[in-house]
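Residue strings, one per chain:
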Amino acid sequence: MRSLLTMLGIVIGVSAVIAMVAVGAGAQLRVEEQIRTFGANLLMVLPGAAQEGGARLAGGTRHTLTEDDSVAIGAQVPGVVSVAPSVRGTLQVVHGNRNWNTVVVGTLPAYLTAREWQAEEGRMFTDMEIQSAAKVATLGATVAGALFADADARDDIIRIGDVPFRVVGVLAAKGGPFGAGNDQDDVIFVPISTAKLRLLGGASQVNRGSLNSILVKVANADVMLTTKAEIAGLLRDRHHLSVDAPDDFRVWDPAAAMAAQHEATRTLSFLLAAIASVSLLVGGISIMNIMLVSVTERTREIGLRLALGARRRDIRRQFLAEALVLSLGGGVLGTVLGIVAAAMLFSLASWEVFIGPEAVIAAVLFAALVGTFFGYYPAVKASRLDPIEALRIE
């Protein structure tokens with residue numbers, strides 16, 4: 001019982017380390033997945049914030065970006081591979097007796113090129129359909145599943161708002177949320193001209209030329225900062241902003257933002273592991289305390305062994321081995337408990353967790369080092385006992 005209570009500190013420490021590292025690693029993997037699914041070398045140009053009565057509204061409320069701006073970026077900024085202007089809004093979509101509320105994005109085929117997004121069935125709309133403002137739509141995987149289940153959606157008719165659209169394709173699932181928990185596959189793409197003329201023009205209360213965003217794909221990650229600065233300079237010139245005037249737009253680098261989030265998550269996971277490791281130190285101190293008590297209780301045993309020819313290093317090894325067994329036993333039990341705790345966090349709280357073998361090995365080895373470190377002093381003290389004095393102890 002005393003040994004189990006002695007191991008309790010190590011058990012709690014190792015389980016806390018395993019659980020916290022699993023949560024931190026899961027968060028890092030989630031951010032990495034977001035970066036991968038969003039696309040490489042992307043910049044987003046967003047409208048600025050409007051002001052009403054001295055109050056600054058949310059970003060995107062100042063409708064300053066136009067389709068001419070997107071054309072100018074593609075034509076005048078070097079290193080740009082593709083430019084995709086877009087408008088968006090949330091509308092109700094109906095097919096038969098099924099309906100779904102989703103995001104409708106009016107854009108160009110270049111949007112999918114920039115996002116490295118492929119059609120699983122059918123196709124994206126064509127330039128001719130954009131010019132004619134055709135009522136065609138390409139569905140994200142989530143919307144297709146909600147409206148059509150396992151049926152083929154191609155060439156079927158859906159109603160977006162009050163307007164009928166023909167489905168020309170279904171996109172491959174991107175997987176994973178992006179932004180504030182939004183499902184990337186919960187979207188419908190329509191030609192930008194159709195969106196402005198038939199769907200989103202009146203709803204968003206913007207003029208026919210304004211945009212919600214411009215997606216820019218850059219050829220090389222090494223020139224991202226340079227391209228970002230050139231886009232900003234071009235738009236300031238086009239919007240006739242004075243030198244001291246603030247930007248009426250924002251050039252956002254999603255990958256840089258997510259990389260910063262990844263680094264912050266990594267730092268937080270290290271911090272959580274460090275805090276949890278304090279329990280290991282407390283467990284090590286309890287091991288040292290119990291081993292010192294054990295040395296006192298077994299003084300006659302130690303004296304008898306020394307009198308019968310045991311060397312001092314044999315006594316030292318005996319007590320070190322006992323401390324190591326306690327710490328390793330606690331490490332193994334703590335590992336099992338930590339894995340169970342991480343699994344419960346995943347199932348009950350829906351937190352992303354990932355338990356790598358290196359985390360388990362590191363926690364157990366650290367527990368063994370703690371036991372060895374805190375068990376060394378009692379072992380040395382036991383080995384230095386005088387056998388004659390030890391045998392006199394009652």
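Residues numbered from 1 in each chain as written. Predicted model: local features only at pLDDT ≥ 70, side-chain atom pairs only at ≥ 80, totals over all residues. Heavy atoms only, no water.

A. Region of interest: the pairing of strand β4 (residues 80-95). Of all the 16 residues making up β4, 12 are buried; the element is thus mostly covered by neighbouring parts of the structure. Sheet topology note: the β4/strand β13 (residues 213-218) ladder contains six bridges and is antiparallel. Along β13, the bridge assignment pairs P85 with I214. Bridge count for β4 against strand β5 (residues 98-107) is nine bridges, and the pairing is antiparallel. Residue T90 lies in a different strand from β5, and its bridge partner there is V103. Counted along the chain from β4 to the antiparallel partner β5, the turn is two residues long, and its residue G96 has a positive phi close to 60 degrees. Note: β4 against strand β8 (residues 157-160), two bridges, orientation antiparallel. What sits directly across from V94, in β8, is R159. (Buried < 20%, exposed > 50% of the residue type's maximum accessible area, 1.4 Å probe, protein only. Helix = DSSP H or I, 4+ residues; strand = E, 2+ residues; numbered from the N terminus. Pairing = 2+ DSSP bridges.)

B. Representation of the nonpolar core in the model. Among the nonpolar cores identified, the biggest contains 62 residues, and I73, L139, I158, I160 and F189 are the most heavily contacted of them. Apart from the residues within four sequence positions on either side, L139 is in contact with A144, F148, A153, I158, V167, G169, V170, L171, V187 and I188. Of all hydrophobic cores here, the second largest spans 25 residues; its members include I10, V14, M291 and L326. (Core = buried A, V, L, I, M, F, W, Y, C linked by side-chain atoms within 4.5 Å. Contact = heavy atoms within 4.5 Å.)

C. Representation of the pattern of salt bridges in the model. Tallying each qualifying case throughout the model produces 10 salt bridges. A salt bridge links R123 to E129, with the nearest nitrogen and oxygen atoms 2.9 Å apart. Accessibility expressed as a relative area gives 32% for R123, which makes it partly exposed. For E129, a relative accessible area of 11% gives the class buried. (Salt bridge = Lys/Arg side-chain N within 4 Å of Asp/Glu carboxyl O.)

D. Structural context of helix α8 (residues 224-238). An ideal rise of 1.5 Å per residue puts 21 Å on 15 residues; α8 measures up with 21 Å between its terminal C-alpha atoms. For α8, the set of buried residues is M224, T227, I231, A232, L234, L235 and R236. Structurally, α8 contributes buried residues whose contacts are with β1 (42-47), α2 (67-76), β4, β13 and β14 (249-252). Looking at the residues trailing α8, positive phi occurs at H240, about 55 degrees. (Expected span 1.5 Å × (residues − 1).)

E. Local environment of a nonpolar patch on the surface. Taken together, M1, L4, L5, L8 and I12 make up a surface patch of nonpolar side chains, about 550 Å² in accessible area. Tracing the sequence through the fold places L8 in helix α1 (residues 2-38). (Patch = residues over 30% accessible without salt bridge, like charges linked within 9 Å, V, L, I, M, F, W, Y side chains within 5 Å. Areas by Shrake-Rupley, 256 points an atom, 1.4 Å probe, with all protein chains shown as cover.)

F. Layout of the environment of V81. Tracing the sequence through the fold places V81 in strand β4. The exposure class assigned to V81 is exposed, which follows from its relative accessible area of 51%. Put simply, V81 and A114 are 33 residues apart on the chain and 8.2 Å apart in space, counted from C-alpha to C-alpha. For V81, the residues in contact, after removing those within four places along its chain, are K217, V218 and A219.

G. Region of the structure containing the side chain of K217. Considering the arrangement of structural elements, one finds K217 in strand β13. The exposure class assigned to K217 is buried, which follows from its relative accessible area of 11%. For K217, the residues in contact, after removing those within four places along its chain, are A40, N41, L42, G79, V80, V81, S82, T113, A114 and E116.

H. Geometry of the packing of aromatic side chains. Counted by the stated rule, this structure contains three aromatic pairs. On the basis of an interplanar angle of 85 degrees and a centroid distance of 5.7 Å, the ring pair of W117 and F189 is categorised as edge-to-face. In this pair, W117 sits in the loop between α3 (110-115) and β6 (119-122) while F189 sits in strand β12 (residues 187-191), placing the two residues 72 residues apart along the sequence. A relative accessible area of 1% means that F189 is categorised as buried. With centroids separated by 5.1 Å and ring planes inclined at 90 degrees, the aromatic side chains of F373 and F374 adopt a geometry described as edge-to-face. Given the relative accessible area of 62%, F373 is considered exposed. Given a relative accessible area of 12%, F374 falls into the buried group. (Phe/Tyr/Trp six-rings, centres within 6.5 Å; stacked < 30°, edge-to-face > 60°.)

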